[in-house]
Amino acid sequence: MTGPRLAFLIFNFNAVKDEEKAAFLEKLDSSLTDTAIIIVDSSYPETEYGHLRLVQFSHSPNIGDTMRLGLSAAINLGAEKIATFDSYSVDNATWFLQYVNGGNLIMSRKRGFKEMVVTEVSNLLSFGNAYNGFSLNRIYTREAAEILKETRLNNRAFLVESVNLLNSRNIPTTELIKDGYEGRKNTFKIREGIESIIKSFNKSSGFYSIFSSLAYIINLIAVYVSLSFGMLYPVAILVAGEISGLSNFMMNEKLNFKNRGFLSSAYRLGRFNALLLGALTADIAIVSVIARYSYNLGKGLFTTISLLSIVTVSTVSLFLMNKFVWSKENHRRVYLED
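Quick notes on the rules
Residues numbered from 1 in each chain as written. Predicted model: local features only at pLDDT ≥ 70, side-chain atom pairs only at ≥ 80, totals over all residues. Heavy atoms only, no water. Helix = DSSP H or I, 4+ residues; strand = E, 2+ residues; numbered from the N terminus. Buried < 20%, exposed > 50% of the residue type's maximum accessible area, 1.4 Å probe, protein only. Contact = heavy atoms within 4.5 Å. Salt bridge = Lys/Arg side-chain N within 4 Å of Asp/Glu carboxyl O. Pairing = 2+ DSSP bridges. Axes fitted to C-alpha atoms, helices over the stretch in contact; angles between N-to-C directions. Parallel < 35°, antiparallel > 145°, perpendicular 65-115°, else oblique. Left-handed = near helix turned anticlockwise from the far one by under 90°. Expected span 1.5 Å × (residues − 1).

**A word on the overall build of the protein**
And step 1. Helix and strand counts for the protein come out as eleven helices and eight strands.
And step 2. Evaluated residue by residue, the protein yields a buried proportion of 47% over its 338 residues.
And step 3. Contacts spanning at least 24 positions in sequence make up 73% of the contacts within the protein whose residues lie at least 6 apart.

This is the structure in structure tokens:
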């Protein structure tokens, strides 16, 4: 084995047949060149291996508690990297070898449509965090393990929310999404997806909502003042949009996300302003087109369509702002061919 001291966290090993346990550990042992720690449930008998130092620990019925106990044990034994396994098949025994010198990592399967929707909504609300509960092929750094062992996340939420938690602490993770990788059998539950979305709404999300509301009020005032000075409606919308947009940017840039540095802020401001002008132009264009047919549509339908267009443009704008301006980009997805 090349790289830092490594520990393997093996849990629910008692559910595996004895011959499969032996084959898995023999394959794991033969793949190593240095001594590694393997932390396994207390049901597994002491066995001598060339490169594996077995350490037993008691399991909890709750996967969150079990993960915390295992991570704490690995840290106390001096591990710098901790790997877990999605399955204890011989084929999966060496999955970690080519990735052990990297940072925090997850080997994942492709998301289904519902999983993809939950992922993107979670990312939108949490500014770049990531929803993942689809695999236990993971590598944790000591830094990540120190944080996760102090959490109170339980059951599957530990696997899903641990990634979000690390990203919120500016600890990067890499997710390898591989064609043909099935991972453990999971049945996606809508309730779990909703819980993940709710939990992704964090402190930054709250301040962003407050500052966006303030910017909306500034926008209304600026439109009213601009029109009172005799500006044409499209010009008033652009002026008000720029004023409210810039105030929104400065509040989030310096007060919410606490970004420092003139050049980095200027770069984000350029992207922000380009997206803002695009959204304002689209909004004005759509409303102008609808206004041409307002007599035929009727006042009620015209108002409804105008409102829907504004909401649609605002939602798309929010998504783009999140992705290209405010996203922390701590979670990187890499798509691998089978």
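So that's the structure; there's more coming.
**What about the pattern of salt bridges?**
Side chains that carry opposite charge are capable of pairing whenever their charged atoms lie near each other.
And step 1. In the structure shown here, the tally under the stated rule is seven salt bridges.
And step 2. Of the charged contacts, one joins Glu-146 and Lys-149 as a salt bridge, the two residues approaching to 3.9 Å between their closest N and O atoms.
And step 3. Judged by relative accessible area, Glu-146 falls into the partly exposed class, the value being 32%.
And step 4. Here Arg-268 and Glu-253 are joined by a salt bridge, their closest N and O atoms 2.9 Å apart. Of this pair, Arg-268 sits in helix 9 (residues 262-292) while Glu-253 sits in helix 8 (residues 233-256), and the two are 15 residues apart along the sequence.
And step 5. Here Glu-253 falls in the buried class, since its relative accessible area comes to 0%.
And step 6. By sharing partners, the salt bridges in this structure join Arg-142, Glu-146, Lys-149 and Glu-150 into a single network.

**Digging into the pairing of strand 5 (residues 104-108)**
And step 1. Most of strand 5 sits out of view: five of its five residues are buried.
And step 2. Side-chain alternation along strand 5 places Asn-104, Ile-106 and Ser-108 on one buried face and Leu-105 and Met-107 on a second face that is also buried.
And step 3. As defined by bridge partners, strand 5 adjoins strand 7 (residues 173-178) across five bridges and the pair is classed as parallel. Bridging from a neighbouring strand, Asn-104 pairs with Thr-173 of strand 7.
And step 4. As paired strands, strand 5 and strand 6 (residues 138-141) are joined by two bridges and run antiparallel to one another. Bridge pairing in strand 6 links Leu-105 to Ile-139.

**Considerations on the packing of helix 7 (residues 203-228) against helix 8**
And step 1. It is the contact of helix 7 with helix 8, at a shortest axis distance of 8 Å, that shows an interaxial angle of 150°. On the basis of their axis angle, the class for helix 7 and helix 8 is roughly antiparallel. Every pair of crossing elements has a handedness; the one defined by helix 7 and helix 8 is right-handed.

**Some thoughts on helix 7**
And step 1. Its 26 residues place the ends of helix 7 38 Å apart at the C-alpha level, agreeing with the 38 Å of an ideal helix rising 1.5 Å per residue.
And step 2. For helix 7, every residue scored as buried is listed here: Ser-204, Ser-205, Gly-206, Tyr-208, Phe-211, Ala-215, Asn-219, Ala-222, Val-223 and Ser-226.
And step 3. After helix 7 finishes, the residue Gly-230 shows a positive phi value of roughly 85°.

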